[in-house]
Amino acid sequence: MNARDATATNNLEAFWMPFTANRQFKQAPRLFVGAEGMHYVTANGRRVLDGTAGLWCCNAGHKRPKIVEAIKRQAEELDYAPAFQMGHPKIFELAARLVTYMPTGIDHVFFTNSGSESVETALKIALAYHRVKGDGARFRLIGRERGYHGVNFGGISVGGIVANRKMFGTLLTGVDHLPHTHDIKTNAFTRGEPEHGADLADELERICLLHDPSTVAACIVEPVAGSTGVLIPPKGYLKRLREICDKHGILLIFDEVITGYGRLGAAFATEFFDVVPDIIVTAKGLTNGVVPMGAVFVKKEIYDAFMHGPEGVIEFFHGYTYSGNPMAAATALGTLDTYEDEGLLTRASELASYWEDALHSLKGLPHVIDIRNLGLIGAIELEPIAGAPTKRAFQAFLDAYDSNLLIRTTGDIIALSPPLIIEKSEIDVLFDTLSGVLKNLH
Ligand SMILES: Cc1ncc(COP(=O)(O)O)c(C=O)c1O
């Protein structure tokens, strides 16, 4: 075996890896066996700088003492409590604490185990909300091209990534899509939010007129689209979406699975952009990626709309065996402690301009056709190799890994989202390494 990591000698065959080129990976596996702070440790002992916070989730870095301690304590104290018709103190504590980060009026939270489940939960809440209000004709869901909302049926239906959709039949019916906002011709190499493109939000008005607004339940967008290559919203775009939703009684859902928990320099993108949606979908950074957990935040009106009828009747027929399980709750509390003690939910705002300068210094390197950034997010778009899309960026990923740097690629775009604990000296190492990789890329 041509093992990239020499000690990976165990049998790799049985595991069907997610979103991975299985056969290619198993020829030359890349295995992490440890992690601490800003670094992973590979199976053959190399320290790799984490340029992606795992998968946009380890916002506080790795092996953080308060999180480790919280997990140990919880495993000794209470391993599991039934999620339905029973509770345990930590999940109520977590809910009460989490809603304090929310804008006024968003004050209830439903727990899940992932971003995908949070998305399904949000879409179901939106549909059921209109129904309990006696407005059940609102069944349409509007997503966006190049949107990523996880991999379950609702999420791939409102999402806009063809490879994630094409194999899976008819998906949800009653779904339409806004155009994406990515416009390299006009906005290439913009620092921060692009000046042009807010008018793309008006497409929501057009879609509403096509179907009649009284049939539309909700519109879901990522404030910053991450998985399809970091698409920064044009200035004013999200505000315009909010206005159109208000005009037509449509719920606005922000999928903050990557923007939540400090990524942009504010606790959530709703604060960063000063636009308040009706529902906020989160996961990932909620537990620093350590134990799976998601959380869906809703406005008081939405929760209250369900709290009618006889008191002994379950108000919302939805939930997961692990909704708010004790291990996840303890992990989330340990994570919030870490974020607060170290000021991590706003740290990205302190680093943003240093990050921006370092990232944009790569302009002019071979194949680089766009660079974009916001908070502690960055993207470098490469010219695809003719007839072989994705190949160039994937080679950059492999070369970076061999140079002790973890990056992430999607299509021919390199996406960067380091842990929020990154130091300026580590930002320098990250971009020096990446610059070396790009200079030698074919
Ligand atoms: C915006 C967004 N929504 C949903 C998801 C799905 O999250 P999960 O992989 O935890 O199901 C992701 C994952 O990257 C995401 O970026």
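The rules we used
- Residues numbered from 1 in each chain as written.
- Predicted model: local features only at pLDDT ≥ 70, side-chain atom pairs only at ≥ 80, totals over all residues.
- Near = placed C-beta within 6 Å.
- Helix = DSSP H or I, 4+ residues; strand = E, 2+ residues; numbered from the N terminus.
- Nonpolar A, V, L, I, M, F, W, Y, C, P; charged D, E, K, R; others polar.
- Domains from an automatic or database assignment.
- Contact = placed C-beta atoms within 7 Å.
- Core = buried A, V, L, I, M, F, W, Y, C linked by C-beta atoms within 7 Å.
- Buried ≥ 20, exposed ≤ 12 C-beta atoms within 10 Å, placed from the backbone.
- Pairing = 2+ DSSP bridges.
- Axes fitted to C-alpha atoms, helices over the stretch in contact; angles between N-to-C directions.
- Expected span 1.5 Å × (residues − 1).

1. Structural notes on the site of the ligand
Then step 1. Inspection of the region around the ligand gives 14 residues, with Ser-114, Gly-115, Ser-116, Gly-150 and Val-257 positioned closest.
Then step 2. Among the elements that make up the shell around the ligand, the one with the highest residue count is helix α5 (residues 115-132) (3 residues).
Then step 3. Its residues assigned to classes, the shell around the ligand shows 5 nonpolar, 7 polar and 2 charged.

2. Focus on the domain arrangement of the protein chain
Then step 1. Per the domain assignment, the segments of the protein chain are domain 1 (31-60 + 343-439) and domain 2 (68-341).
Then step 2. Between domain 1 and domain 2, the C-alpha centre-to-centre distance is 26 Å.
Then step 3. Listed by partner, the interface residues are 33 residues for domain 1 and 29 residues for domain 2.
Then step 4. Of the residues assigned to the side of domain 1 that touches domain 2, the class counts are 17 nonpolar, 10 polar and 6 charged.

3. Let's talk about the nonpolar core
Then step 1. Counting 120 residues, the largest nonpolar core has Ala-126, Cys-219, Ile-253 and Ile-279 as the members making the most contacts within it.
Then step 2. Sort the elements by how many residues they give to this core and helix α13 (residues 326-341) lands first, with 8 residues.
Then step 3. Three or more residues apiece are contributed to this core by two domains, here domain 1 (31-60 + 343-439) and domain 2 (68-341).
Then step 4. Not counting residues within four places of it along the chain, the set of residues in contact with Ile-253 comprises Ala-122, Ala-126, Ala-218, Cys-219, Ile-220, Pro-277, Asp-278, Ile-279 and Val-281.

4. Notes on the sheet that holds strand β14 (residues 408-410)
Then step 1. One open sheet accounts for 4 strands, arranged β11-β12-β15-β14; its pairing is antiparallel. Here the strands that pair on one side only, and so sit at the sheet edges, are β11 (368-374) and β14. Between one strand axis and the next, the sheet turns through 20 degrees on average, direction left out of account.
Then step 2. Where β14 meets strand β15 (residues 413-416), 3 bridges bridge the pair, whose relative direction is antiparallel. Paired with Thr-409 across the two strands is Ile-414, which belongs to β15.

5. Examining the sheet that holds strand β3 (residues 47-50)
Then step 1. Taken in spatial order, the 4 strands of this open sheet run β1-β2-β3-β13, and their pairing is mixed. Sheet topology places β1 (32-36) and β13 (405-406) at the edges, where each strand pairs with a single neighbour.
Then step 2. Note that β3 and β13 share 2 bridges and pair parallel. Bridged to Asp-50 within β13 is Leu-406.

6. As for helix α14 (residues 344-360)
Then step 1. The first and last C-alpha atoms of α14 sit 24 Å apart over 17 residues, in line with the 24 Å expected at 1.5 Å per residue.
Then step 2. Residues of α14 that are buried include every one of Leu-344, Leu-345, Arg-347, Ala-348, Trp-355, Ala-358 and Leu-359, and no others.
Then step 3. Buried residues along α14 sit against α13, β11, β12 (377-382) and α16 (424-439).

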